[in-house]
Amino acid sequence: MADSTNVSEIARDKPRQADLDRCVHCGLCLNACPTYRVLGLEMDSPRGRIYQMGQVAAGAPIGPSYIEHIELCLACRGCESACPSGVEYGRLVEAARAEIAAVAVRPPGERRMRRFVFGHLLQSPALMTVLGALLYLYQASGLQKLVRGLGFLKLLGRLGELEQLAPPAEPPFFFGKIGKTFPAEGQRRYRVALMAGCIANVCFARLNEATVRVLQKNGCEVVVPDGQGCCGALHVHAGLPEEARGLARRNIDAFADGGYDAILTNAAGCGAALKEYGGLLEGDPQYAARAREFAGRMRDVTEFLASIELNRKMKPLAVTVTYQDSCHLAHGQRVRTAPRKLLEAVPGLTFREMPLSDLCCGSAGIYNVVQNRMSMQILETKMENVNRTGADVIATANPGCILQLRAGVTLHGTGQRVVHVIELLDEAYQ
Ligand code: SF4
Ligand code: SF4
């Protein structure tokens, strides 16, 4: 029996033989793989997972063991950067998950949860606003402190573990800014469009506002187009490509004909998915060319700012900063120097590189929720490397990494502040 949210659409999504055949089983990717580094198991390495995908492609059944190994993958794409044969592992694992989603029999509770989150919540600003308001009431009223203080979370089991990962709601939500245009400060040099995200409108509203301010300071007129919505990255990672295609078409329509020099995002995970709209819609004759054009204009906000003449009128910030590469920026988009270049442009800021900065922090979309134990093991190692730098600020370029690293600081850190690169620039401009 198939998962009822996505039966017919994803039957055509599965790993392509030509992609599988590119792997020569050399094993050079193994040490770049966080799950292999923790478990030391071939079947939880990129090479092992590709081997298993090959077995399924050859007719082996999709059984619980296969599903487990594929779902334990972070889809961080660290293996892609390490691979000398150009294996596009991200594409493979997304297709493998789509194939699994088409045949997996999931428990009814999980099925309902998937349908609610992917089919309704992420696609509905109204629902996110209501839930965001409730979350804010819970967090700001003192109820959260009470629940945590009295130890109720332990009684709730898994639900209690998840509560601790809930991001803070930040009213007023950024949904109110969608449809607006923000003028450039001084002479207009660029006209850019901002992808505001989905959950980010609720939980990273201040980051979105800081992004607009930093762009304005750099001569950008910033449009936040109406009609935009969730980028579909989480859907693709969950094996729901057809849902993602619907969202991609909606975004392509929303950003059409704006005369934008670039379309920007401050979320590396979203950016990687948005840059891949061309591949996602390659089988859609109406949208294929438009998807490629959209993807061609897509930039991470750090990538864009590092490519233009930066406004250097900043006040000094006396901070020591280390940078955590967001996987979907470093591995997914091959953007590594731009965020570092921006940090180094801030006067007074001392930059310290951390060991293995491009190894995943364990966030990986909703991985830290659905694979919490592995995620926490990966995070512990990450924090050891952060602590070694002696930095008092951890900068990164993806909201999901920010939340994960904040949890890391609480559990294993030394009181570091965790921020987006753009937030440091915003402070320096004020
Ligand atoms: S995507 Fe990340 S977790 Fe998955 S196999 Fe590659 S390196 Fe390992
Ligand atoms: S994915 Fe690349 S690096 Fe890893 S085993 Fe295959 S060819 Fe080698």
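Everything that follows concerns the structure shown earlier in this document.
First, a word on what this report is: a plain description of the structure on this page. Small disclaimer: the values here were computed from a predicted structure and weren't measured. (Residues numbered from 1 in each chain as written. Chains lettered and ligands numbered in written order. Predicted model: local features only at pLDDT ≥ 70, side-chain atom pairs only at ≥ 80, totals over all residues. Heavy atoms only, no water.)

## Describing the site of ligand 1
Next, step 1: By nearness alone, 13 residues border ligand 1, and C33, R49, C73, C76 and C79 come closest of all.
Next, step 2: Residues of the shell around ligand 1, tallied by class, amount to 10 nonpolar, 1 polar and 2 charged. (Near = heavy atom within 4 Å. Nonpolar A, V, L, I, M, F, W, Y, C, P; charged D, E, K, R; others polar.)

## Overview of the packing of aromatic side chains
Next, step 1: Counted by the stated rule, this structure contains 3 aromatic pairs.
Next, step 2: Where Y277 meets F294, the ring centres are 5.2 Å apart and the plane angle is 25°; that geometry is what we call stacked. Remark: F294 occurs in helix α18 (residues 288–297) and Y277 occurs in helix α17 (residues 277–280); sequence separation between them is 17 residues.
Next, step 3: Its relative accessible area of 1% is what places Y277 among the buried residues. (Phe/Tyr/Trp six-rings, centres within 6.5 Å; stacked < 30°, edge-to-face > 60°. Helix = DSSP H or I, 4+ residues; strand = E, 2+ residues; numbered from the N terminus. Buried < 20%, exposed > 50% of the residue type's maximum accessible area, 1.4 Å probe, protein only.)

## Focus: the packing of helix α13 (residues 205–217) against helix α25 (residues 421–429)
Next, step 1: The interhelical angle for the contact between α13 and α25, taken along N-to-C directions, is 55°, at an axis separation of 9 Å. In this view, α13 runs oblique relative to α25, as classed from their interaxial angle. Like other packed secondary-structure pairs, α13 and α25 cross with a definite hand, here left-handed. Side by side, α13 and α25 meet where L207, A210, T211, R213, V214 and K217 of the first sit next to I422, E423, L425, D426 and Y429 of the second.
Next, step 2: Among the residues forming the contact of α13 with α25, the class breakdown is 6 nonpolar, 1 polar and 4 charged. (Axes fitted to C-alpha atoms, helices over the stretch in contact; angles between N-to-C directions. Parallel < 35°, antiparallel > 145°, perpendicular 65-115°, else oblique. Left-handed = near helix turned anticlockwise from the far one by under 90°. Contact = heavy atoms within 4.5 Å.)

## Topic: unusual backbone geometry
Next, step 1: With an omega of -5°, the peptide bond running from P171 to P172 counts as cis.
Next, step 2: With phi around 60°, H25 is a residue other than glycine that occupies positive phi space.
Next, step 3: By the secondary structure assignment, H25 is in the loop between α1 (17–21) and α2 (34–39).
Next, step 4: Even without glycine at this site, L356 takes up a positive phi of about 50°.
Next, step 5: Among the structural elements, L356 can be located in the loop between β7 (350–351) and α22 (367–370).
Next, step 6: Using a relative accessible area of 39% as the deciding quantity, one classes L356 as partly exposed.

## Quick word on the sheet that holds strand β1 (residues 181–182)
Next, step 1: The strand order across the open sheet formed by 5 strands is β1-β3-β2-β4-β5, and the pairing between neighbours is mixed. Looking at which strands have only one partner, the edges of the open sheet turn out to be β1 and β5 (298–300).
Next, step 2: Bridge analysis of strand β2 (residues 190–194) against strand β3 (residues 220–223) gives 4 bridges, and the strand direction is parallel. Within β3, the position partnered with R191 by the bridge is E221. (Pairing = 2+ DSSP bridges.)

## Focus: the pairing of β3
Next, step 1: Burial along β3 is two-sided: C220 and V222 facing one way and E221 and V223 facing the other are all buried.
Next, step 2: Bridging between β1 and β3 involves 2 bridges; their strand directions are antiparallel. Bridge assignment links F182 to a residue of β3, and that residue is V222.

## Let's talk about the packing of helix α3 (residues 46–57) against helix α4 (residues 64–72)
Next, step 1: Running from N to C, α3 and α4 cross one another at 140°; their axes reach a closest spacing of 10 Å. Judged by the angle between their axes, α3 and α4 are oblique. Between α3 and α4 lies a crossing whose hand is left-handed. Seen from α3, the contacting residues are R49, Q52, M53 and V56; seen from α4, they are Y66, H69, I70 and L72.
Next, step 2: Within the contact of α3 with α4, the residues separate by chemical class into 5 nonpolar, 2 polar and 1 charged.

## Describing the pattern of salt bridges
Next, step 1: Inspection of the entire model under this criterion finds 25 salt bridges.
Next, step 2: Salt-bridge contacts for D19 lead to R91; the nearest nitrogen and oxygen are separated by 3.0 Å. Pair noted here: D19 is in helix α1 and R91 is in helix α6 (residues 89–103), with a separation of 72 residues, a long-range link.
Next, step 3: Taking relative accessible area as the criterion, D19 reaches 7% and is therefore assigned buried.
Next, step 4: In this structure R91 comes out as partly exposed when scored by relative accessible area, which is 35%.
Next, step 5: For the salt bridge of E303 with K275, the shortest nitrogen-to-oxygen distance reads 2.8 Å. With E303 in helix α19 (residues 301–307) and K275 in helix α16 (residues 268–275), this pair connects stretches of sequence that are 28 residues apart.
Next, step 6: According to the relative accessible area criterion, K275 is partly exposed, its value standing at 23%. (Salt bridge = Lys/Arg side-chain N within 4 Å of Asp/Glu carboxyl O.)

## Considerations on the state of the cysteines
Next, step 1: Taken as a whole and assessed by the stated rule, the structure comprises 0 disulfides.
Next, step 2: Unpaired in terms of disulfides, C401 finds its nearest cysteine sulfur in C361, a separation of 4.3 Å. (Disulfide = S-S within 2.5 Å.)

## Description of the sheet that holds strand β8 (residues 393–396)
Next, step 1: Strand order in the open sheet made by the 4 strands is β7-β6-β8-β9, with parallel pairing throughout. Lying at the two open borders of the sheet, with one neighbouring strand each, are β7 and β9 (417–420).
Next, step 2: Pairing analysis gives 3 bridges linking strand β6 (residues 320–323) to β8, with the strands arranged parallel. The residue of β8 that forms the bridge with Y323 is A395.
Next, step 3: Contacts from α25 reach β6, β8 and β9 within the one sheet, and its direction differs from that of β9 by about 90°.

These figures capture arrangement, not role.
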